[in-house]
Amino acid sequence: MTEPSATVTESSAPAPMTATTTPIPESLRENRPFPPGTKIRMETRRLSFLYGKNQALYDITLAIPEKAVTAFIGPSGCGKSTFLRCLNRMNDIIPDTRVDGEVLLDEKNIYGPGTDVVDLRRRVGMVFQKSNPFPKSIFENVAYGLKINGLCRRSELPERVELALRRSALWDEVKDRLHTSALGLSGGQQQRLCIARALAVEPEVVLMDEPASALDPIATQKIEELIYELKRDYTIAIVTHNMQQAARVSQYTFFMLGRLIEHDRTDKIFTNPGQKITEDYITGRFG
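No experiment lies behind these values; they were computed from the predicted model shown.

### Some thoughts on the pattern of salt bridges
Reasoning step 1: Tallying each qualifying case throughout the model produces 23 salt bridges.
Reasoning step 2: Between Glu202 and Arg167 there is a salt bridge, and its shortest N-O distance comes to 3.2 Å. Of the two residues, Glu202 is situated in the loop between helix H7 (187-200) and strand E7 (205-209) and Arg167 in helix H5 (residues 157-167); the sequence distance between them amounts to 35 residues.
Reasoning step 3: You can call Glu202 partly exposed: its relative accessible area is 32%.
Reasoning step 4: The class of Arg167 is partly exposed, set by a relative accessible area of 29%.
Reasoning step 5: The shortest N-O distance in the salt bridge between Glu173 and Arg192 comes to 2.9 Å.

### Some words on unusual backbone geometry
Reasoning step 1: Positive phi, normally seen in glycine, also occurs at Asp59, with a value near 50°.
Reasoning step 2: When you line up the elements, Asp59 lands in strand E2 (residues 54-65).

### Considerations on the sheet that holds strand E5 (residues 108-109)
Reasoning step 1: Taken in spatial order, the four strands make up an open sheet running E2-E1-E4-E5, and their pairing is antiparallel. Of all the strands in the sheet, the pair left with one neighbour each is E2 and E5.
Reasoning step 2: Pairing analysis gives two bridges linking strand E4 (residues 97-105) to E5, with the strands arranged antiparallel. Within E5, the position partnered with Leu104 by the bridge is Asn109.

### Quick look at the pairing of E4
Reasoning step 1: Among the nine residues in E4, seven count as buried, and that is most of the element.
Reasoning step 2: Note that strand E1 (residues 40-51) and E4 share eight bridges and pair antiparallel. Residue pairing for E4: Ser48 is matched across the bridge by Asp100.
Reasoning step 3: The hairpin turn running from E4 into E5, its antiparallel successor, is two residues long, and Asp106 in that turn takes a positive phi close to 50°.

### Structural notes on the nonpolar core
Reasoning step 1: Leu57, Phe72, Phe83 and Met208 are the most contacted members of the largest nonpolar core, which has 62 residues in total.
Reasoning step 2: Ranked by residues supplied to this core, first place goes to E2 with six residues.
Reasoning step 3: When neighbours within four sequence positions are excluded, Met208 is seen to be in contact with Leu84, Val127, Ile195, Ile227, Leu230, Ile236, Ala237, Ile238 and Val239.
Reasoning step 4: With 20 residues, the next largest nonpolar core counts Ala143, Cys152, Leu170 and Leu193 among its residues.

### Focus on the sheet that holds strand E6 (residues 124-127)
Reasoning step 1: Spatial ordering of the open sheet is given by E6-E7-E8-E3-E9-E10, a layout of six strands whose pairing is mixed. Whereas interior strands pair on both sides, the edge strands pair on one side only; in this sheet they are E6 and strand E10 (259-265). Averaged over all adjacent pairs, the angle separating strand axes in this sheet is 20°, with direction ignored.
Reasoning step 2: In this sheet, E10 lies alongside strand E9 (residues 252-257) in antiparallel orientation, the contact comprising six bridges. For Met256, the partnering residue across the bridge sits in E10 and is Leu260.
Reasoning step 3: On the sheet, H7 packs against E6 and E7 and is oriented at approximately 170° with respect to E6.

Cut-off values and rules
Residues numbered from 1 in each chain as written. Predicted model: local features only at pLDDT ≥ 70, side-chain atom pairs only at ≥ 80, totals over all residues. Heavy atoms only, no water. Salt bridge = Lys/Arg side-chain N within 4 Å of Asp/Glu carboxyl O. Helix = DSSP H or I, 4+ residues; strand = E, 2+ residues; numbered from the N terminus. Buried < 20%, exposed > 50% of the residue type's maximum accessible area, 1.4 Å probe, protein only. Pairing = 2+ DSSP bridges. Core = buried A, V, L, I, M, F, W, Y, C linked by side-chain atoms within 4.5 Å. Contact = heavy atoms within 4.5 Å. Axes fitted to C-alpha atoms, helices over the stretch in contact; angles between N-to-C directions.

Written out as structure tokens, the structure reads:
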């Protein structure tokens, strides 16, 4: 199988996105790896994405189940991070880009008219590859989203900050220095602080783009243990280059090469993939 061409001509570009949500054909619902009755939290329908005339994503239709960890794997440049950023419209800030198709959150198209993007990014939080704490105290980092979104009274801030730090498995390590600079934390602690900042505003979905790629093995293990715990309360989508990490933390795995190549339960993807190109990537023959 060859990878899709990176360049799209005017005639081959996807049709412009329609604002209304269209029913998904039954043919696109076939072969989903989820048990019957699984609630779908997010869904894409024929999603394509272009940087200028360079196409990064091609006609991707998939579903992300509620309260599970879904991993996206594939070689560098295959569109994984671009796809993840489409899920909370982070790509909107990049000039000369275009989205075609639909992204649904609870069956509503987030690219439809009237979407409150600020509220969307509260509901669909993001943790980036490189930790990015603000040059503020630990407390102020976690409280930041609560304050700017007016999500609680000032008197409630300490309780909400503590809850977020506990959920990110950081409270016991920082409870005695909440008002010291977050920049004094270790790399792994800073990443868990960024997770706490995302969790403080009570998101429904948490997107993680290579959250442990810059960390040492001990810090990576803590992040993976945290992800495993968080899936009880949150829907999580994670991009990773680490095949062992995907196998350890996720229930479902999607293999991408600009297009969606294969998706299934993680155990099946890593032990009995349905396509040879998936097997070749997982076993290191390419990528």
